[in-house]
Amino acid sequence: MSAPALSPAARLRGLKPDWISDPKVWRTEVLAGLVVALALIPEAISFSIIAGVDPEIGLFAAFTMAVTISVVGGRRAMISAATGAVALVIAPLNREHGLSYLVAAVILAGVFQVVLGALGVARLMRFVPRSVMVGFVNALAILIFMAQVPELTDVPWPVYPLAAGGLVLMVLFPKVTRVVPAPLVSIVVLTVVTVAAGIAVPTVGDKGELPHALPVPGLPDVPFTLDTLTTVAPYALAMALVGLMESLMTAKLVDDITDTHSDKTRESIGQGIANIVTGFFGGMGGCAMIGQTMINVKVSGARTRLSTFLAGSFLMVLCIVFGPVVSDIPMAALVAVMVMVSFTTFDWHSVAPRTLKRMPAGEILVMVITVAVVVATSNLAVGVVVGSVTAMVVFARRVARLADVTSVTDPDGGQVVYSVTGELFFASSNDLVSRFDYAGDPDQVVIDLSATHIWDASSVAALDAIETKYAQRGKQVEIVGLNEHSTVMRERLGGTLTGNH
């Protein structure tokens, strides 16, 4: 018998996530979204200043990015908004050509990200080694901390006890209860203290004026010509690549923290859609925000799309409806939150003496280089690329050393058999040619490759060179033991690479 047909209401219930009916999850997600929204406001304003645009441009971007990615993104609970990495990339375009060209670049960057996502760029993440990932996380923690230093220099003395008090609250409050996120408690308490006592310290309002209305969609005011395209395309491509790399690295980090898998291809395309929407609303674009994501996932315990959606929604509500109240929040409170995020983000186990003693030197080198490049450039994407390239070089050197050649000469002296072991590729095959005794070997030479694999043209060229050197001395070479892939590679390329064919 066939199963009875489900009613539309039953089908709809089947589509609902499990957490929809769980009040504990709702409380966690709502409070997490509120904390992130409060932390987003000064950050978005700061990134607007870096990009050279009005604060409302960065705040609009934070709103539209977060709300859009909560629907179309592939990693639940990850926060996307205006970021420093994107601001640094597009700041020169805004300086030279103005806001309209910047907005056009944001839309084009979104198109690039959709295309790259559809082409499967997310699959490249598997080539990022763990040592680079650890370096990325540690560098991120250092950058988050360094970004707070300006807020702690040349400021009135009450800032220091306020920030210290905020940190103490965030450490001790979770021991009392975890019902309300400690960062939110810290922000509320410090704001009440400074306002009630009339303490004059830098506030969120000092960063810039908050918007008074929702953004209105529209097209950028630029001529739709080839000249405009060639002007904005390089910036758009750079923004697309930096945004995707930062977003995919953040998604991988959240996967590890939550022990869940995310759809990286959907996230790549989602980032593009979010930037296109943001551009049409006049925002400065963005990508995943690692610091805010850590507040949301690690500190506040959020796990669903609701927290991301509410972070963006609360941001606009706080700016438009509660602007005067938000403007009174002391920067010391938000600095304390970000310092706590920095401390919890850093992988302290990775730099423990016991860990460093056990780790291979090459892995430590890769981690250190990744951290150094990120901190020096303030660009996470550059650090990941340099770290990954360093890891590949370290790996190639390590594998190249495993290739070895041994020889056995027949008792009658008429033939010598060379056995090659290990992987043959550009790094190991370069030394292969020098491992044979061309002058002293007998007339019959057998090279046994049954314990190796030919990976590239460099290895085929090395075998051709060995055959040529023996042939010049009137000696015969027989290569045996090739596996199927190596045979195909040699048949296709053999004799065509050394110029002796």
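Computed from a predicted model, the values in this text were never measured in an experiment. (Residues numbered from 1 in each chain as written. Predicted model: local features only at pLDDT ≥ 70, side-chain atom pairs only at ≥ 80, totals over all residues. Heavy atoms only, no water.)

Draft legend 1. Broad picture of the overall build of the chain. Helix and strand counts for the chain stand at 20 helices and six strands. Here the C-alpha atoms of the chain give a radius of gyration of 29 Å, more than 25% beyond the 23 Å that 2.2 N^0.38 yields for 501 residues. For the chain, the spread of C-alpha atoms along the principal axes amounts to about 100 × 70 × 55 Å. Put simply, the chain has 501 residues, and 51% of those count as buried. Surface accessibility of the chain: about 23300 Å² in total, with carbon and sulfur atoms responsible for 64%. (Helix = DSSP H or I, 4+ residues; strand = E, 2+ residues; numbered from the N terminus. Rg over C-alpha atoms; globule rule 2.2 N^0.38 Å. Buried < 20%, exposed > 50% of the residue type's maximum accessible area, 1.4 Å probe, protein only. Areas by Shrake-Rupley, 256 points an atom, 1.4 Å probe, with all protein chains shown as cover.)

Draft legend 2. How the structure looks around the pairing of strand β5 (residues 444-454). One ladder, built from nine bridges, connects strand β4 (residues 415-424) with β5; its direction is parallel. Residue pairing in the sheet places Leu424 in a bridge with Ile454 of β5. Note that β5 and strand β6 (residues 476-480) share five bridges and pair parallel. Looking at β6, one finds that Val445 is bridged to Val477. (Pairing = 2+ DSSP bridges.)

Draft legend 3. Examining the side chain of Ser186 more closely. You can see Ser186 is positioned in helix α8 (residues 182-197). In terms of polar contacts, Ser186 uses its side chain to reach the backbone carbonyl oxygen of Gly166, at 3.4 Å. (Polar contact = N/O pair within 3.5 Å; in protein donor to acceptor, adjacent residues only side chain to side chain.)

Draft legend 4. Quick look at helix α7 (residues 159-176). With 18 residues, α7 should cover 26 Å at 1.5 Å per step; its first-to-last C-alpha distance of 26 Å lies within 8% of that length. Its axis deflected by about 25° at Met170, α7 carries its strongest bend there, up to four residues before the proline Pro174. Of all the positions in α7, only Val159, Leu162, Ala163, Gly166 and Met170 are classed as buried. Elements in contact with the buried residues of α7: α8 and α14 (331-345). (Expected span 1.5 Å × (residues − 1). Bend = angle between axes of the 7 residues up to and from the residue. Contact = heavy atoms within 4.5 Å.)

Draft legend 5. Main features of the sheet that holds β5. Read from one edge to the other, the open sheet built from four strands follows the order β3-β4-β5-β6, with strand pairing classed as mixed. Only two strands of the sheet have a single partner each, and these edge strands are β3 (404-409) and β6. Direction aside, neighbouring strands of the sheet carry axes that sit 20° apart on average. Seen against the sheet, helix α19 (residues 457-471) touches β4, β5 and β6 and runs at an angle of roughly 175° to β5. Its contacts with the sheet put helix α20 (residues 484-493) on β5 and β6, and the angle it makes with β5 is roughly 120°. (Axes fitted to C-alpha atoms, helices over the stretch in contact; angles between N-to-C directions.)

Draft legend 6. Representation of the pattern of salt bridges. For the coordinates displayed, the defined rule picks out six salt bridges. As a salt-bridge pair, Lys207 and Glu151 come within 2.5 Å of each other at their nearest N and O atoms. Taken together, the residues span a long stretch of sequence, with Lys207 in the loop between α8 and α9 (226-258) and Glu151 in the loop between α6 (130-148) and α7 at a distance of 56 residues. For Lys207, a relative accessible area of 22% translates into the label partly exposed. A salt bridge links Asp404 to Arg435; the nearest nitrogen and oxygen atoms lie 2.9 Å apart. (Salt bridge = Lys/Arg side-chain N within 4 Å of Asp/Glu carboxyl O.)

Draft legend 7. Region of the structure containing empty space enclosed by the protein. This structure, assessed with the given rule, holds one cavity of 30 Å³ or more. Looking at the largest cavity, its volume works out to about 50 Å³. Taken together, Ile69, Ser70, Arg75, Arg76, Ala77, Met78, Ser80, Glu267, Arg305 and Thr308 form the lining of the largest cavity. Elements with a contribution of two residues or more to the lining of the largest cavity: α3 (55-72) and α12 (305-320). Residues that form the lining of the largest cavity fall into these classes: three nonpolar, three polar and four charged. (1 Å grid on protein atoms, 1.4 Å probe; cavity = no way out; pocket = protein on both sides within 12 Å on 5 of 7 lines; lining within 4 Å. Points joined across faces, edges and corners; volume = space filled by probe spheres on them. Nonpolar A, V, L, I, M, F, W, Y, C, P; charged D, E, K, R; others polar.)

Draft legend 8. Quick peek at the environment of Lys475. Examined against the element boundaries, Lys475 turns out to sit in the loop between α19 and β6. Considering only alpha carbons, one finds Lys475 and Ile447, 28 residues apart in sequence, at a separation of 13 Å. Excluding residues within four positions of it along the chain, Lys475 makes contact with Tyr438, Ala439, Gly440, Asp441, Pro442, Asp443 and Tyr470. Within polar-contact distance, the side chain of Lys475 engages the backbone oxygen of Ala439 at 3.0 Å. There is a polar contact of 2.6 Å between the side chain of Lys475 and the backbone oxygen of Asp441.

Draft legend 9. Representation of a nonpolar patch on the surface in the model. Among the surface-exposed residues, Val317, Val321, Phe322 and Val325 lie close enough to one another that they form a single nonpolar patch of about 350 Å² accessible area. Within the secondary structure, Val321 is located in the loop between α12 and α13 (323-327). What makes Val321 exposed here is its relative accessible area of 55%. (Patch = residues over 30% accessible without salt bridge, like charges linked within 9 Å, V, L, I, M, F, W, Y side chains within 5 Å.)

Function cannot be read off these values alone, since they describe shape.
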